[in-house]
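# Fold and geometry: a report
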2 protein chains.
Amino acid sequence: MFRLSKKTEYAILAMQYLAEKSGEPVSAKEIATSLGLSFEFLSKSLQSLMKSGLVSSQQGIKGGYHLVGTPDMISVMDIIQAVSENVGIVECMTESDCSRSGSCNLKDPMSILQSKVNEVFTQTFLADFANETESNQFFNKDFKILNGIN
Amino acid sequence: MFRLSKKTEYAILAMQYLAEKSGEPVSAKEIATSLGLSFEFLSKSLQSLMKSGLVSSQQGIKGGYHLVGTPDMISVMDIIQAVSENVGIVECMTESDCSRSGSCNLKDPMSILQSKVNEVFTQTFLADFANETESNQFFNKDFKILNGIN
DNA sequence: TCTAATTAGGATAACAATAGTCCTATTTTC
DNA sequence: GAAAATAGGACTATTGTTATCCTAATTAGA
Ligand code: SF4
Ligand code: SF4
């Protein structure tokens, strides 16, 4: 129900990959084969990221994508919103108010919940997805113990 | 993408209604007409809530549903899980590991994100959805200002 | 005992969203 | 000019959500 779409997951994987290989442009094909993803479908994610300015691209042979900005400034929410707007937990959060909106006493508490959810994703950054740096590793371990994750 | 299903939303609305009318059993029909929801579809939600023990039911004429437990002990997560298991933000969180699982460096950071999301929903209770009590109203106002909600 | 109101739940249809593919155009380096 | 790459429209397949329909079982009360 809160499942991230594959398009989003592919986007995060690609961004993670680009973060590691910052420097020369990386082709969609390289990312796809390296991560075992569908090239065609991954391309859609990359093109969305491009549109939102999270990556920049270079066409032609020797072309590819590279990150715009640093991993500690790019939030998961940035990536999610780049590939698909819908982060509203209920209709009235993003789209126009629903038919029940006038007399709905769920709307207000839901907006609080929405803010909390938003915070989780805006406060998690690409850097937190980096491949086990020391600080990150420590944080992970700590958090896992705290939350009883294997 | 993080949209709650209607089944979940109906369940929360129903629970909210039951919380107000705690005491005598309330029929699905009354809830449906009172809230302007489809009786048939709402019934599915109520039956799921029943299965999970969040409400108890009485069949026959004069029957209906009533809350089990107090609103401050029933979390939104309880309700979500009652109507639909899938709360995993990625496949490997709930179902069996996906094909990429072995070499996936997204899995670990995702599990942290999952915990944060879970926390939001396990730490929000039916009582927080109550119809504007004084304390709740204050909290709402406070939180809204803090988060820039209209 | 019969009736009406109610919950329980299976089956299924209608609709929407997601996932994935295919094809063509454009750009760029060599 | 050829090859490799991005850009993106169009389309299909699959899955998930939403909703309805129908029937059975239960229970209070006349
Ligand atoms: S919370 Fe209320 S107003 Fe918002 S979508 Fe749900 S029913 Fe409509
Ligand atoms: S995070 Fe990795 S292991 Fe988990 S579902 Fe996504 S690709 Fe598979």
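Scroll up to find the structure.
For every chain, the first residue of the written sequence is number 1, and numbering continues from 1 onward in sequence order. Both sets of labels track the order of writing: A upward for chains, 1 upward for ligands. Whole-chain, interface and lining totals are the exception, using all residues; otherwise, since this is a predicted model, local features are given only for residues with pLDDT of at least 70 and side-chain atom pairs are given and counted only at 80 or more. The basis for the side-chain values is all heavy atoms of the structure; hydrogens and waters are excluded.

Think of it this way: one heavy atom of a residue within 4 Å of a molecule or strand is enough to make that residue near it. Taken together, 26 residues form the shell around DNA strand C, and within it Gln-59 of chain A together with Ala-28, Lys-44, Ser-57 and Tyr-65 of chain B come nearest. A share of 62% of the atoms of DNA strand C within 4 Å of the protein falls on sugar and phosphate groups. Between a base oxygen of DNA strand C and a main-chain N or O atom of Gly-60 of chain A, the distance comes to 3.3 Å. Think of a polar contact as two N or O atoms within 3.5 Å of one another; within protein, one of them needs to be a possible hydrogen donor and the other a possible acceptor, and neighboring residues in sequence only count if both atoms come from side chains. In the environment of DNA strand C, a base nitrogen lies 3.4 Å from a nitrogen or oxygen atom belonging to the backbone of Ile-61 of chain B.

In what follows, a contact means two residues having at least one pair of non-hydrogen atoms within 4.5 Å. Each side of the interface is counted separately: chain B has 51 residues, and chain A has 51 residues. Throughout, the accessible surface (probe 1.4 Å) given up by two parts as they are put together, summed over both, is called the buried area. Both faces considered, chain B and chain A share a buried interface measuring about 4,900 Å² in area, 63% of it formed by carbon and sulfur atoms. Ranking the residues of chain B by area buried against chain A places Met-1, Phe-2 and Arg-3 of chain B at the top, with a combined share of 19%. For this analysis, a salt bridge means a side-chain nitrogen from Lys or Arg found within 4 Å of a carboxyl oxygen belonging to Asp or Glu. At the surface where chain B touches chain A, the tally comes to two salt bridges. Residue Glu-91 of chain A pairs with Lys-6 of chain B through a salt bridge whose shortest N-O separation is 3.5 Å. Remark: the boundary between chain B and chain A carries ten residue pairs in polar contact (both at pLDDT 80 or more).

Another point: the protein's contact with DNA strand D. Near DNA strand D there are 26 residues, and of these Ala-28, Lys-44, Ser-57 and Tyr-65 of chain A together with Gln-59 of chain B occur at the shortest range. Protein-adjacent atoms of DNA strand D, using a 4 Å cutoff, are sugar or phosphate at a proportion of 64%. Separating a phosphate oxygen of DNA strand D from a backbone N or O atom of Ala-28 of chain A is a distance of 2.7 Å. Ile-61 of chain B has a polar backbone atom sitting 3.4 Å from a base oxygen of DNA strand D. Counting from the N terminus, the helices are the DSSP runs of H or I reaching at least four residues and the strands are the DSSP runs of E reaching at least two. Broken down by secondary-structure element, the contributors of at least two residues to the surface near DNA strand D are α2 (28-35), α3 (39-51), β1 (55-58) and β2 (64-67) of chain A together with α1 (6-20) and α3 (39-51) of chain B. The leading source of residues in the surface near DNA strand D is α3 of chain A, at four residues. Gly is put with the polar residues, along with every residue not named as nonpolar or charged; the nonpolar set is Ala, Val, Leu, Ile, Met, Phe, Trp, Tyr, Cys and Pro, and the charged set is Asp, Glu, Lys and Arg. For the surface near DNA strand D, the residue count by class is eight nonpolar, twelve polar and six charged.

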